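Understanding the architecture of this molecule
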Amino acid sequence: MAVTIEELYRNYGILADAKPEDLSQHKDAYQVILDGVKGGPKEKRLAAQFIPKFFSSFPELADAAINAQLDLCEDEDVSIRRQAIKELPRFAAGENIVRVADILTQLLQTEDSAEFNQVNTALVSIFKMDAKATLGGLFSQILQGEDIVRERAIKFLSIKLKTMPEDAMTKEVEDYIFTETKKVLEDVTGEEFVLLMRILMVLKGLQTMSGRQQLVELVVEQAFLEQALNPADPDTVDRLLQCTRQALPLFSKNVHSTRFVTYFCDHVLPNLSSLTSPVAELDIQLEVLKLLAEMSPFCGDMEKVETNLTMLFEKLLEFMPLPPEAEGENGENTLSDEPKLQFSYVECLLFSFHQLGKKLPDFLIDKINAERLKDFKIRLQYFARGLQVYIRQLRVALQGKTGDALKTEENKIKVVALKITNNINVLIKDLFHNPPSYKSTVTLSWKPVQKAEAVALKRPSGEDMGAGSTMKKQLSPPLPRRDARQIYNPPSGKYSATIGNFSNGEGGAGATDVAQTCFLLILSDILSLLHK
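From a predicted model like this one, the values you see are computed outputs, not experimental measurements.

The phi angle of most residues is negative, glycine excepted, and most peptide bonds adopt the trans form. With an omega dihedral of 0 degrees, the bond running from Asn-434 to Pro-435 counts as a cis peptide bond. Structurally, Pro-435 can be placed in the loop between helix 20 (409-432) and helix 21 (514-530). The phi torsion at Phe-224 lies on the positive side, around 55 degrees, for a residue other than glycine. Along the chain, the position of Phe-224 falls in the loop between helix 12 (209-223) and helix 13 (234-247).

Moving on, we get to the pattern of salt bridges. Under the criterion given, the structure shown has 23 salt bridges. The shortest N-O distance in the salt bridge between Glu-87 and Arg-90 comes to 3.2 Å. We note a salt bridge from Glu-180 to Lys-183, for which the minimum N-O separation is 3.0 Å. Residue Glu-180 and its partner Lys-183 are both found in helix 10 (residues 171-184); the two are separated by three residues, about one turn of the helix. Taking relative accessible area as the criterion, Glu-180 reaches 8% and is therefore assigned buried. Judged by relative accessible area, Lys-183 falls into the partly exposed class, the value being 40%. In this structure, a network of salt bridges that share partners links the residues Glu-151, Lys-155 and Glu-191.

Moving on, we come to the packing of helix 12 against helix 13. A pair of packed helices can be characterised by two numbers: the angle between their axes and the separation between those axes. Two numbers describe how helix 12 lies on helix 13: the axes approach to 9 Å, and their chain directions differ by 175 degrees. Here helix 13 runs roughly antiparallel to helix 12, going by the angle between their axes. Between helix 12, through Val-219, Gln-222 and Ala-223, and helix 13, the contact on the second element is made entirely by Arg-239, Cys-243, Gln-246 and Ala-247. Residues of the contact of helix 12 with helix 13, tallied by class, amount to four nonpolar, two polar and one charged.

With that settled, consider the packing of aromatic side chains. Going through the model one piece at a time under the given rule, you end up with 14 aromatic pairs. Taken together, the aromatic side chains of Tyr-9, Tyr-12, Phe-50 and Phe-54 make up a single cluster linked through ring pairs. One cation-aromatic arrangement involves Lys-53 over Phe-54; the distance from NZ or CZ to the ring centre is 6.0 Å.

With that settled, consider the packing of helix 11 (residues 190-201) against helix 12. Between helix 11 and helix 12, the shortest axis-to-axis distance is 11 Å and the interhelical angle comes to 170 degrees. The angle between helix 11 and helix 12 places the two elements in the roughly antiparallel class. In contact with Phe-193, Met-197, Leu-200 and Met-201 of helix 11, helix 12 contributes Leu-215, Leu-218, Val-219 and Gln-222. Per-class residue counts for the contact of helix 11 with helix 12 are seven nonpolar, one polar and no charged.

Conventions adopted
- Residues numbered from 1 in each chain as written.
- Predicted model: local features only at pLDDT ≥ 70, side-chain atom pairs only at ≥ 80, totals over all residues.
- Heavy atoms only, no water.
- Helix = DSSP H or I, 4+ residues; strand = E, 2+ residues; numbered from the N terminus.
- Salt bridge = Lys/Arg side-chain N within 4 Å of Asp/Glu carboxyl O.
- Buried < 20%, exposed > 50% of the residue type's maximum accessible area, 1.4 Å probe, protein only.
- Axes fitted to C-alpha atoms, helices over the stretch in contact; angles between N-to-C directions.
- Parallel < 35°, antiparallel > 145°, perpendicular 65-115°, else oblique.
- Contact = heavy atoms within 4.5 Å.
- Nonpolar A, V, L, I, M, F, W, Y, C, P; charged D, E, K, R; others polar.
- Phe/Tyr/Trp six-rings, centres within 6.5 Å; stacked < 30°, edge-to-face > 60°.
- Lys NZ or Arg CZ within 6 Å of the ring centre and 35° of its normal.

Shown next as structure tokens:
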């Protein structure tokens, strides 16, 4: 016969009135309370409260008590489940903590928001009691649990770990997290990889130089840098993009990007035009070039500096056209014959070449024959001429604009476009020095602008005109690209057995090619200026 409300209260009274040292003599009374989980809704709600209250006094009934509470956590009545979950931390003592953490982790799969929050609260509560034991339960489910449980357990750690009290995050706990996370990384999706890296990056022990180096090693393993790149496989390309994105914030003057830069020069740049984009709207070539540019300042000693510089030099030639030979009527170049000046591509390639060029300053003098160097300088001059047209028009368009006026979408684009063209101008001027110089410093156009870098809205001086200032001012503008590139938004889901697509929510290398967008906006103004 099912236990009644009256029996539950009576046996509760027996236990509540007993002296602590005599509680173990009332095992039968506690058993009646355990049997309350077989009753109706009211009996179950009382049992959910009474079972944990006397749990520690009956170690021989520990398994039965936890199982009884677990039954209540899986009840059809959501109010009963919430009550049972709320009380679960009271079972977390000694060797039971791992089991309780395991149970709570499984309960993360609930679709009820209030219940889900209750589970989160309970997990945080027992984490503060014994962090390592709680992590044992969490990682057990991450490694062996259902996909939905694994996913939510990883997200729990990525969100909650950084909020845990410092005294809970001991060196032993951090070492345990690192060890277990390495096990998980042996088989992850892209989203899991990003979240797990976030978990590791909050660990104090990994925020040192040696710690960041360990993280870079983990990313290198995920990126498969020891394997040749298959440019036709979008999954392989996306894996490389995602891993590079995760490694970028770890690089510094002491934690080098050399292996990634070398891999890009050896395997990515030679296949740049044949790379298969994981997203239809993504300009994969620009994406790759921006990542390379961001990494290049942190490149250490390279075994094949000359080879890598040669590859960058060849790519620069591809994106820096020769001046058109044919002229239209009245001796002017026709717009249809004018080569496209792909400013965003050139900014990335010039910046990367400029950074690696510091390691071999005589490259353009001793490693390139005179004919090719002459050809390169002609291309630089032609590109510089095109720059001046855009820089002048952009300065005019932004002249006198401050505050809210600069915050409009169109003017934001123009400000960044001005930065792109100014960056290229500075780098070209360096290369025109004799011998070429690699001393100038620029901030990549898509990186955050420092307050000190106020946009210069004055008309350019002769110095501002750069390498192309001695050339003819008459220049027909290049055709703007028709497709304004959109911010990279990778698809979700697995793309291989080891890693999948995931966006970390940041801009950076996937940003819109604002220069080309801006040039489309001001093209008509440029044309009218040139024909005056």
